[in-house]
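# Results of the structural survey
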Amino acid sequence: MKNYDELYCIDFDKLFENYADKYYSEHESEYASPDDFARDLDEVYHKWATSPQSAIGGLSPSEFFNRLPNEDLVAILKGSCAGDRNPSSLLFDRLATEPVLLPELVELAKSSADEKLLTVTLSIIAELGGAAATFYMDMLERDDIDSCVKDMCVEALCDVAEEVKNDLIARAKKADDVGMIEMYVEPLTYCAVGDDDILELLRMLLKTDPNRAYVAALMGRYGDDRAAEDLYPLLDECDYAEFIEIRNAIEELGGTVDDKYRDFSEDPLYKAIKGE
């Protein structure tokens, strides 16, 4: 194994920060305020990324990363996420143009529980076209990763839900945790309308999930108008925040709800919205 310290210990964010400070000092007269300068940061970043930097041996940052061999990139990514370090966006960009590295990135995600590393790795995997759906479903089963990472997996499954609908349904039916069922059902709401299994899973969630407004929103997104009959009774026992979501879902399903259906004049959110 190579020693990657010299490659990932360079703080490219700090290098750019120093460059930007110097650039602003030299061009301050061209800007009415620092906010005006902030609007040019993308252009300044491009100039920095393509300009020779003494801190990296006279190479431009872009050239530095472009010269790194493919076989080193994933190890450097792992090292650059350690501790307080953060990977350069240029490293991200380089990895995102190397589809040959997709299998190695998938294996890295499978073996890591670090939130930062997983978030970056999953983002790169997405840029490369995504992994197999089973990878994302298996990630949801893990107990050692953060919810934000699982949210990324759910998002990826939403894009291919129709292709893996049966697998998602089967896993949702086997799950005994409401949160796990939620993660499988959300992608299912992007499938074609009319599946009895999906409707029953949504109805089951509506009965067991404390976040009824969220489930109502899922029902509205799925679009099966049979779900409206399950939502109407909830209007009689919800607060105003839930009322809004449930009403919106009912209307998405083709139903109607009178704005004056209930008196929410004493509800804190209603008062805040109405300025009372």
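Residues numbered from 1 in each chain as written. Predicted model: local features only at pLDDT ≥ 70, side-chain atom pairs only at ≥ 80, totals over all residues. Heavy atoms only, no water.

### Describing the side chain of Glu-242
As a reminder, the rule being used: In DSSP terms, a helix is any run of H or I states spanning at least four residues, a strand is any run of E spanning at least two, and both are numbered starting from the N terminus. By the criterion applied in these results, polar contacts are pairs of N or O atoms within 3.5 Å in which, for protein atoms, one can donate a hydrogen and the other can accept it, and in which residues neighboring in sequence qualify only through two side-chain atoms. Contact definition: two residues touch when any of their heavy atoms are within 4.5 Å.
By secondary structure assignment, the location of Glu-242 is in helix H17 (residues 240-252). In this structure the side chain of Glu-242 is engaged in a polar contact, spanning 3.4 Å, whose partner is the side chain of Arg-212. Excluding residues that lie within four positions of it along the chain, Glu-242 makes contacts with Arg-212 and Ala-213.

### Considerations on the nonpolar core
Spelled out, the test is: We call a set of buried residues a nonpolar core when its members are Ala, Val, Leu, Ile, Met, Phe, Trp, Tyr or Cys and they connect through side-chain atoms within 4.5 Å of each other. In this scheme, a residue with accessible area under 20% of its type's maximum is buried, one over 50% is exposed, and one in between is partly exposed, where area comes from a 1.4 Å probe on protein chains only.
In this structure, Leu-77, Ile-125 and Leu-231 are the most contacted members of the largest nonpolar core, which totals 88 residues. Those residues within four positions of Ile-125 in sequence are excluded, and the remaining contacts are Leu-102, Leu-105, Val-106, Ala-109, Gly-130, Ala-131, Phe-135 and Tyr-136.

### Description of the packing of helix H12 (residues 165-174) against helix H14 (residues 196-208)
Just so we agree on the cut-off: Lines fitted to C-alpha atoms define the axes here, with helix axes fitted over just the stretch in contact, and angles between the N-to-C directions of these axes take values from 0 to 180 degrees. Left-handed is the label given to a crossing in which the near helix is rotated counterclockwise from the far helix by less than a right angle, and right-handed is the label when the rotation is clockwise.
Relative orientation of the contacting elements H12 and H14 amounts to 35 degrees, with a least axis distance of 11 Å. The handedness of the crossing between H12 and H14 comes out as left-handed. The segment H12 lies against H14, with Lys-165, Ile-169, Ala-172 and Lys-173 engaging Asp-197, Ile-198 and Leu-201.

### Comments concerning the environment of Leu-105
Within the fold, Leu-105 resides in helix H8 (residues 102-111). A relative accessible area of 0% places Leu-105 in the buried class. On a C-alpha basis, the gap between Leu-105 and Leu-117 in space is 11 Å, while along the polypeptide they are 12 residues apart.

### So, H14
Since one α-helical turn is 3.6 residues long, residues separated by three or four positions face the same way. To keep it simple, the criterion reads: By definition here, a helix of n residues has an expected span of 1.5 Å times n minus one.
Helix length check: H14, at 13 residues, gives a terminal C-alpha distance of 18 Å against a target of 18 Å (1.5 Å per residue), a fit within 8%. Within H14, the full set of buried residues consists of Ile-198, Leu-199, Leu-201, Leu-202, Arg-203, Leu-205 and Leu-206. Residues of H14 that are buried sit in contact with H12, helix H13 (178-188), helix H15 (212-222) and helix H16 (228-231). Here H14 starts with a cap whose side-chain oxygen sits 2.8 Å from the backbone nitrogen of Asp-197, and that cap is Asp-195.

### Remarks on the pattern of salt bridges
Going by this rule: For this analysis, a salt bridge means a side-chain nitrogen from Lys or Arg found within 4 Å of a carboxyl oxygen belonging to Asp or Glu.
Per the stated rule, a full pass over the model turns up 21 salt bridges. Between Arg-142 and Asp-144 there is a salt bridge, and its shortest N-O distance comes to 2.9 Å. Judged by its relative accessible area of 14%, Arg-142 is buried. The exposure class assigned to Asp-144 is partly exposed, which follows from its relative accessible area of 45%. Two residues, Glu-266 and Lys-271, come together in a salt bridge whose shortest N-O distance is 3.6 Å. For Glu-266, a relative accessible area of 64% puts it in the exposed group. One connected set of salt bridges, linked through shared partners, spans Asp-138, Glu-141, Asp-167 and Arg-171.

### Here we look at the side chain of Asp-224
In this structure, Asp-224 sits in the loop between H15 and H16. Residue Asp-224 is classed as buried on the basis of its relative accessible area, which comes to 5%. A distance of 2.7 Å separates the side chain of Asp-224 from the side chain of Arg-226, its partner in a polar contact. With near-sequence residues (within four places) excluded, Asp-224 lies in contact with Val-193, Gly-194, Leu-199, Met-219 and Leu-253.

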